[in-house]
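What follows is each chain in one-letter form.
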Amino acid sequence: MTGVTHQDLDPALMRKQYRSEIVAEESLEDDPMRQFTRWFQQAANAHLFEPNAMIVSTATSDGRPSSRTVLLKQFDDRGFVFYTNYGSRKGRELAENPYVSLLFPWHPIARQVIVTGTASRTGRDETAAYFRSRPHGSQLGAWASEQSRVIASRAELDRRYAELEERYPEGEQVPVPPEWGGYRVVPEAVEFWQGHENRLHDRLRYVSDGGKWRVERLCP
């Protein structure tokens, strides 16, 4: 790390001035999913790396949290969908506590979207349809990995994959693992965060209120 000083790595001294247009309430869509569609399209148009990457935070029944980055695979008026092994840490925690938070960290365009809501499993038909759309190697990987479980070595993981590759060669249909599938997060609140100079950020939050959505502005 020649040429790098401790001062260069001091997070307290790392500052950026965000220069963006003010987000006015009247410019927003009536529905948060339509507003998300607009911002998601803009993030994709800005050529962000994996704009569908989101931080999924879950918690145990006694409130101990955990977070990880997961790829969003679908969104519509019903909510946000991602796929995982139901025996993974997040799967086990969601079985205890369905409340979840999603964070889309679109730092290059000084934006974030924060979703809070409840997660439930997607139907098996929906899961199967998505699983069959995955690349062959990803299908095998879902079988090879007992997600979040301790494994003896990388060699053991590679051995499992090789065995599956031999059993299900390219072109042969791979069955959907029984403990693998989707979650749909139904939002209760969705916050759209736009960075601005002097830390006077826009924070506009949609809140579900009696079957309708109302928008409130939060102090940055």
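Residues numbered from 1 in each chain as written. Predicted model: local features only at pLDDT ≥ 70, side-chain atom pairs only at ≥ 80, totals over all residues. Heavy atoms only, no water.

Turning our eyes to something else, we now look at the side chain of Glu 216. Among the structural elements, Glu 216 can be located in strand E9 (residues 212-217). Here the side chain of Glu 216 touches Arg 205 through a polar contact of 2.5 Å, side chain to side chain. Polar contacts involving the side chain of Glu 216 include one to the side chain of Arg 214, which spans 2.7 Å. For Glu 216, the residues in contact, after removing those within four places along its chain, are Arg 203, Leu 204, Arg 205 and Val 207. (Helix = DSSP H or I, 4+ residues; strand = E, 2+ residues; numbered from the N terminus. Polar contact = N/O pair within 3.5 Å; in protein donor to acceptor, adjacent residues only side chain to side chain. Contact = heavy atoms within 4.5 Å.)

Right, let's talk about the layout of surface pockets for a bit. Its boundaries defined by the atoms lining it, the largest pocket holds a volume of some 400 Å³. Along its surface, the largest pocket is lined by 17 residues, and Tyr 83, Thr 84, Arg 134, Gln 147 and Trp 180 are the ones closest to its centre. Of all the secondary structure elements, the ones that give two or more residues to the lining of the largest pocket are strand E2 (65-71), strand E4 (79-85) and helix H4 (136-144). For the lining of the largest pocket, the element with the most residues is H4, which contributes four residues. Of the residues in the lining of the largest pocket, the class split is six nonpolar, eight polar and three charged. Here the second largest pocket defines a volume of roughly 200 Å³. Along the wall of the second largest pocket there are 14 residues; nearest its centre are Asn 85, Ala 142, Trp 143, Ser 145 and Glu 146. It is H4 that provides the largest number of residues to the lining of the second largest pocket, a total of three residues. The residue makeup of the lining of the second largest pocket, split by class, is six nonpolar, four polar and four charged. (1 Å grid on protein atoms, 1.4 Å probe; cavity = no way out; pocket = protein on both sides within 12 Å on 5 of 7 lines; lining within 4 Å. Points joined across faces, edges and corners; volume = space filled by probe spheres on them. Nonpolar A, V, L, I, M, F, W, Y, C, P; charged D, E, K, R; others polar.)

Another point: the nonpolar core. If you look at the biggest cluster of nonpolar residues, it comprises 29 residues, and the most contacted ones within it are Phe 36, Phe 80, Phe 82, Leu 102, Phe 104, Trp 106 and Val 113. Elements with a contribution of two residues or more to this core: helix H1 (32-45), strand E1 (53-59), E4, strand E5 (99-106), strand E6 (111-121), strand E7 (180-194) and strand E8 (202-209). Ranked by residues supplied to this core, first place goes to H1 with five residues. Not counting the four nearest positions on each side in its chain, Leu 102 is found in contact with Met 54, Ile 55, Val 56, Phe 80, Val 113, Ile 114, Val 115 and Val 185. Core analysis: the second largest hydrophobic core is formed by 13 residues, Tyr 83, Ala 128, Ala 142 and Val 176 among them. (Core = buried A, V, L, I, M, F, W, Y, C linked by side-chain atoms within 4.5 Å. Buried < 20%, exposed > 50% of the residue type's maximum accessible area, 1.4 Å probe, protein only.)

For the rest of this paragraph, the subject is the pairing of E2. Side chains of E2 alternate between two faces, with Ser 66, Arg 68 and Val 70 buried and Pro 65, Ser 67, Thr 69 and Leu 71 left unburied. In this antiparallel pair of consecutive strands, E1 and E2, the connection spans five residues, and Gly 63 shows a positive phi of 90°. (Pairing = 2+ DSSP bridges.)

Considering all chains together, one arrives at 17 aromatic pairs under this definition. Ring plane angle 90° and centroid distance 5.1 Å describe the contact between Phe 36 and Phe 80, whose orientation is recorded as edge-to-face. Residue Phe 36 is found in helix H1, and its partner Phe 80 is found in strand E4; the two are separated by 44 residues along the sequence. Residues Phe 36 and Phe 80 agree in their burial class; the two are buried. Their ring planes at 35° and their centres at 5.7 Å tell us that Phe 82 and Tyr 183 sit as a pair that is tilted. Taken as a pair, Phe 82 in strand E4 and Tyr 183 in strand E7 lie far apart in primary sequence, 101 residues in all. (Phe/Tyr/Trp six-rings, centres within 6.5 Å; stacked < 30°, edge-to-face > 60°.)

The next thing to look at is the environment of Leu 140. Tracing the sequence through the fold places Leu 140 in helix H4. With sequence-adjacent residues up to four places away left out, Leu 140 is seen in contact with Tyr 161, Leu 164, Glu 165, Tyr 168 and Val 174.

Our focus in this paragraph is unusual backbone geometry. You will see that Ser 148, though not glycine, has its phi angle at about 75°, which is positive. Residue placement: Ser 148 occurs in the loop between H4 and helix H5 (154-167). A positive phi angle, near 60°, is found at Asn 198, a position not held by glycine. If you trace the backbone, Asn 198 turns up in the loop between E7 and E8.

Glancing now at the pattern of salt bridges. In the structure shown here, the tally under the stated rule is 15 salt bridges. Glu 156 is the salt-bridge partner of Arg 159, the closest N and O atoms lying 2.6 Å from each other. With a gap of three residues between them, Arg 159 and Glu 156 both fall in helix H5, about one helical turn apart. Taken together, the shared-partner salt bridges in this structure form one network comprising Glu 156, Arg 159, Arg 160 and Glu 163. (Salt bridge = Lys/Arg side-chain N within 4 Å of Asp/Glu carboxyl O.)

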